[in-house]
Amino acid sequence: MALPPEAYLWFKTLHIVGVVVWFAGLFYLVRLFIYHVEAEALEEPLRAAFHSQYELMERRLANIITTPGMVVAVTMAVGLLLVQPIWLKQSWMHAKLAVVLALLVYHWFCYRLMGQLKAGTCRWSGRQLRALNELPTLMLVLVVMLVVFKAQFPTGAATWFLVALVVAMAASIQFYARWRRLRSEQEAIAGAG
């Protein structure tokens, strides 16, 4: 079956839209998990109200935005590979598909965490979830670099600078969250005294 010449452009356009929607959902979903876990420190009935609200928001985000974005991204990627089957013989595509497989596992793991949060059996702390929330960012950077550079994937100083920048960004987010938590604890101690 011959596809029309513009099929590649449609597949590519919709793939990009799907990826953007998928990642927007992945970024925010784990942020909701963090809020959900941190709501445990609240007193009743506020805690129950927040848990109920976060469960609703998580379910809607996962089922209405994140998963449909993933389905569009993956479906259009299959279309792109049908139009450009030569890519399946190239090492950059093998690496990209490995990262996408890791993203699919991450997506599934988010659903698992969502179920644990709903059941009250989640053992992840807010800090651990913040670290987990950095994974899709790193995978996104890697996928974009693989697609842009293909077989000429850079390994020089500029690449390591970019890696250091991403790590520094992730670390600064962690440090800021810790600083905020410590400041809140100090204010609570000062207010009680």
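Just so it is clear, the structure is predicted and the values come from calculations on it, not from any experiment.

Conventions and cut-offs
- Residues numbered from 1 in each chain as written.
- Predicted model: local features only at pLDDT ≥ 70, side-chain atom pairs only at ≥ 80, totals over all residues.
- Heavy atoms only, no water.
- 1 Å grid on protein atoms, 1.4 Å probe; cavity = no way out; pocket = protein on both sides within 12 Å on 5 of 7 lines; lining within 4 Å.
- Points joined across faces, edges and corners; volume = space filled by probe spheres on them.
- Helix = DSSP H or I, 4+ residues; strand = E, 2+ residues; numbered from the N terminus.
- Nonpolar A, V, L, I, M, F, W, Y, C, P; charged D, E, K, R; others polar.
- Expected span 1.5 Å × (residues − 1).
- Bend = angle between axes of the 7 residues up to and from the residue.
- Salt bridge = Lys/Arg side-chain N within 4 Å of Asp/Glu carboxyl O.
- Buried < 20%, exposed > 50% of the residue type's maximum accessible area, 1.4 Å probe, protein only.
- Core = buried A, V, L, I, M, F, W, Y, C linked by side-chain atoms within 4.5 Å.
- Contact = heavy atoms within 4.5 Å.

### Points about the layout of surface pockets
In step 1: Roughly 640 Å³ of internal volume is contained in the largest pocket.
In step 2: Contributing to the lining of the largest pocket are 26 residues, with His15, Val19, Lys96, Val143 and Val147 lying nearest its centre.
In step 3: Contributions of two or more residues to the lining of the largest pocket are made by helix 1 (7–38), helix 2 (46–83), helix 3 (91–119) and helix 5 (135–149).
In step 4: The element best represented in the lining of the largest pocket is helix 1, accounting for eight residues.
In step 5: Class assignment for the residues of the lining of the largest pocket results in 22 nonpolar, one polar and three charged.
In step 6: There is about 290 Å³ of room inside the second largest pocket.
In step 7: Put simply, the parts of the chain that give the lining of the second largest pocket at least two residues each are helix 4 (126–132) and helix 6 (157–192).
In step 8: It is helix 6 that provides the largest number of residues to the lining of the second largest pocket, a total of seven residues.
In step 9: Of the residues assigned to the lining of the second largest pocket, the class counts are two nonpolar, three polar and six charged.

### Side note on helix 2
In step 1: Taking 1.5 Å of rise per residue, the 38 residues of helix 2 would be expected to cover 56 Å, and the 54 Å separating its terminal C-alpha atoms lies within 8% of that figure.
In step 2: Of all the bends in helix 2, the largest measures some 40° and sits at alanine 62.

### Some remarks on the pattern of salt bridges
In step 1: For the structure shown, the criterion picks out five salt bridges.
In step 2: A salt bridge links arginine 47 to glutamate 44; its shortest N-O distance comes to 3.1 Å.
In step 3: We note a salt bridge from arginine 181 to glutamate 185, for which the minimum N-O separation is 3.8 Å. Placement of the pair is arginine 181 and glutamate 185 together in helix 6, with a separation of four residues, close to one helical turn.
In step 4: Judged by relative accessible area, glutamate 185 falls into the partly exposed class, the value being 40%.

### So, the nonpolar core
In step 1: Formed by 38 residues in total, the largest nonpolar core has its most connected members in Val30, Phe33, Tyr106, Leu113, Leu129 and Leu132.
In step 2: Where this core is concerned, the elements lending two or more residues are helix 1, helix 2, helix 3, helix 4 and helix 5.
In step 3: Ranked by residues supplied to this core, first place goes to helix 1 with twelve residues.
In step 4: Every residue in contact with leucine 129, bar those within four places of it in the chain, is listed here: Val30, Phe33, Ile34, Val37, Leu113 and Trp124.

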